[in-house]
Amino acid sequence: MNKQELNNKLTQVKDKLIAIEQKVDNRIYLLCEAQNAYDVNKFLFEDVSARFVIATGIDDEDCFEVLYHYSYDRTGCVITIKAFIRDRQQPKIQSIAPFLPGAEWIEREIHDLFGIDFPGHPDMRRLILADDWPDGVYPLRKDTSRPKPVVSVPDSSREVKE
Amino acid sequence: MNWKMWALKKSPWVFHVNTGACNNCDIEIVNCLTPKFDVERLGIKLVGSPRHADALLVTGVVTRQALPRLREVYLQTPKPCVVFVIGACACGTGIFRNGYHVEGPVDKVIKEIDPQAIIAYVPGCPPKPEAIISGVVQALSIL
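Attention in this report is confined to the structure presented alongside it. (Residues numbered from 1 in each chain as written. Chains lettered and ligands numbered in written order. Predicted model: local features only at pLDDT ≥ 70, side-chain atom pairs only at ≥ 80, totals over all residues.)

Along its length, chain B carries six helices and five strands. Mapped from its N terminus to its C terminus, chain B presents α and β elements in the order α-β-α-β-β-α-β-α-α-β-α. For 143 residues, the compact-globule estimate of 2.2 N^0.38 gives 15 Å, and chain B sits close to it at 14 Å. Viewed in the frame of its principal axes, chain B has a C-alpha envelope of about 40 × 35 × 25 Å. Considering chain B as a whole, with its 143 residues, one finds that 42% of them fall into the buried category. Across chain B, the fraction of contacts at a sequence separation of at least 24, relative to all contacts at a separation of at least 6, is 80%. (Helix = DSSP H or I, 4+ residues; strand = E, 2+ residues; numbered from the N terminus. Rg over C-alpha atoms; globule rule 2.2 N^0.38 Å. Buried ≥ 20, exposed ≤ 12 C-beta atoms within 10 Å, placed from the backbone. Contact = placed C-beta atoms within 7 Å.)

Shown next, in the form of structure tokens:
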């Protein structure tokens, strides 16, 4: 499948997208709403057989964005699905981990740092935050201030002795 | 110089503590042990337990998760011991200053539990093996 065929193929999901942006020759952005992201991901992974690279979370102040980056290795084209989550109170987007196990950990990480929920994820435990990190504090959200440092009093019975 | 200091400087055994480094400093520390630098010929040996160690090689900003572990490792090291703070992050938190997970730098954490701690700094991102060896030699020679 060459460049032209790839572009033609992408038009198959056009009704699920807000826009297709092509900034440079080998960089395509597919903009969509959160509820369509699952279908677009599935199409790109299974029908176009693009390779999933990574996902990114962004706090855009008025909405959250989750960016799924795919590489189409035959032409060296990087395709990014940009999904907008408009609901800031209960942000959620369908997990793509059921058909793409490689996305499991990055979805857990985005959940840790932004508090975006991924319904359908098989194992949504905490991944990278500290064990004593308070629940409901998402450090990479723009409106989060730094939580209090760890409160721990050094044990006086264990003073340093020579 | 009391006999404890003499024994400490004679053949310092070191324990390596990573408190959230990117592994670059750790690679340079391991590099010191490779045949090119081979610090074991000088009696410096990497040991597997802080209870066997004379010195701690601490790398990385102290993250929230690593803070209690670093305290515990320091308390379990026989005193007197030297804390070598390796790399820009460990010396002053570097580019991670004000990060949400950062509780460091290392000297602040160590001094909280032992104000008399002996701390030596080797800055660099990462410090070269030559710099680490030079830092160790200079620190031990002024003790």
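A count of helical and extended segments in chain A gives three helices and five strands. Reading the helices (α) and strands (β) of chain A from amino to carboxyl end gives α-β-β-α-β-β-β-α. Here chain A holds 162 residues, and the buried ones make up 27% of them. When contacts within chain A are restricted to residue pairs at least 6 apart in sequence, those whose partners lie at least 24 apart make up 49%.

What follows covers the sheet that holds strand 3 (residues 51-59) of chain A. All names here are of chain A. Read across the open sheet, the five strands follow the order 1-2-5-4-3; overall the sheet is mixed. Each having just a single partner strand, strand 1 (19-24) and strand 3 make up the two edges of the open sheet. Mean inter-strand twist for the sheet, computed between neighbouring axes without regard to direction, equals 20°. Here seven bridges tie strand 2 (residues 27-33) to strand 5 (residues 77-85), and the two strands are oriented parallel to one another. (Pairing = 2+ DSSP bridges. Axes fitted to C-alpha atoms, helices over the stretch in contact; angles between N-to-C directions.)

Turning our attention to the sheet that holds strand 2 (residues 45-46) of chain B. All names here are of chain B. Judged by pairing direction, the sheet is parallel, and its five strands sit side by side in the order 2-1-3-4-5 without closing on themselves. Only two strands of the sheet have a single partner each, and these edge strands are strand 2 and strand 5 (118-122). Inspection of the sheet shows strand 4 (residues 82-86) paired to strand 5 by five bridges, in the parallel sense. Across the sheet, residue Ile86 finds its bridge partner in strand 5, namely Val122. Running at roughly 160° to strand 4, helix 5 (residues 106-113) makes contact with strand 3 (55-59), strand 4 and strand 5 of the sheet.

The next subject is the packing of helix 2 (residues 24-33) of chain B against helix 6 (residues 129-142) of chain B. Residues and elements named next belong to chain B. Their axes nearest at 9 Å, the elements helix 2 and helix 6 cross at an angle of 75°. Between helix 2 and helix 6, the angle falls in the class roughly perpendicular. Judged by residue contacts, Glu28, Ile29, Asn31 and Cys32 of helix 2 engage Pro129, Ile132 and Ile133 from helix 6. Here the contact of helix 2 with helix 6 is composed, by residue class, of five nonpolar, one polar and one charged. (Parallel < 35°, antiparallel > 145°, perpendicular 65-115°, else oblique. Nonpolar A, V, L, I, M, F, W, Y, C, P; charged D, E, K, R; others polar.)

All names here are of chain B. For strand 4, the tally of buried residues reaches five of five residues, placing the bulk of the element in the interior. Residues Val82, Phe84 and Ile86 of strand 4 are buried on one face, and the alternating residues Val83 and Val85, pointing to the opposite face, are buried as well. Bridge analysis of strand 3 against strand 4 gives five bridges, and the strand direction is parallel. Paired with Thr59 across the two strands is Ile86, which belongs to strand 4. Handedness of the strand 3-helix 3 (residues 67-76)-strand 4 crossover: right-handed. (Right-handed = clockwise from strand over helix to strand, strands pointing away.)

One full turn of an α-helix is made of 3.6 residues, so residues set three or four places apart face in the same direction. Residue and element names in this part refer to chain B. Among the residues of helix 5, Val106, Val109 and Ile110 are the ones counted as buried. Buried residues of helix 5, viewed axially, fall in a sector of 95°; they line one side. Those residues of helix 5 that are buried lie in contact with strand 3, helix 3, strand 4, helix 4 (88-92) and strand 5. (Arc of directions from axis to C-beta.)

Another point: the nonpolar core. Residues B:Leu56, B:Leu57, B:Val58, B:Phe84, B:Val85 and B:Ile86 are the most contacted members of the largest nonpolar core, which totals 39 residues. Here this core takes five residues from strand 4 of chain B, the largest share from any one element. In this structure, A:Val13, A:Ile28, A:Tyr70 and A:Ala83 belong to the second largest nonpolar core, which totals 30 residues. (Core = buried A, V, L, I, M, F, W, Y, C linked by C-beta atoms within 7 Å.)

Further remarks concern unusual backbone geometry. As a rule of thumb, non-glycine residues mostly have phi less than zero, and peptide bonds are mostly trans rather than cis. A cis amide bond links B:Lys79 to the next residue, B:Pro80, at an omega of 5°. When you line up the elements, B:Pro80 lands in the loop between helix 3 and strand 4. Cis geometry is adopted by the peptide bond preceding B:Pro126, which originates at B:Cys125 and carries an omega value of -10°. Looking at the secondary structure, you find B:Pro126 in the loop between strand 5 and helix 6. One non-glycine residue, A:Ser49, adopts positive backbone phi at about 45°. By the element assignment, A:Ser49 lies in the loop between helix 2 (34-47) and strand 3. On the neighbour-count criterion, A:Ser49 (12 C-beta atoms within 10 Å) is exposed.

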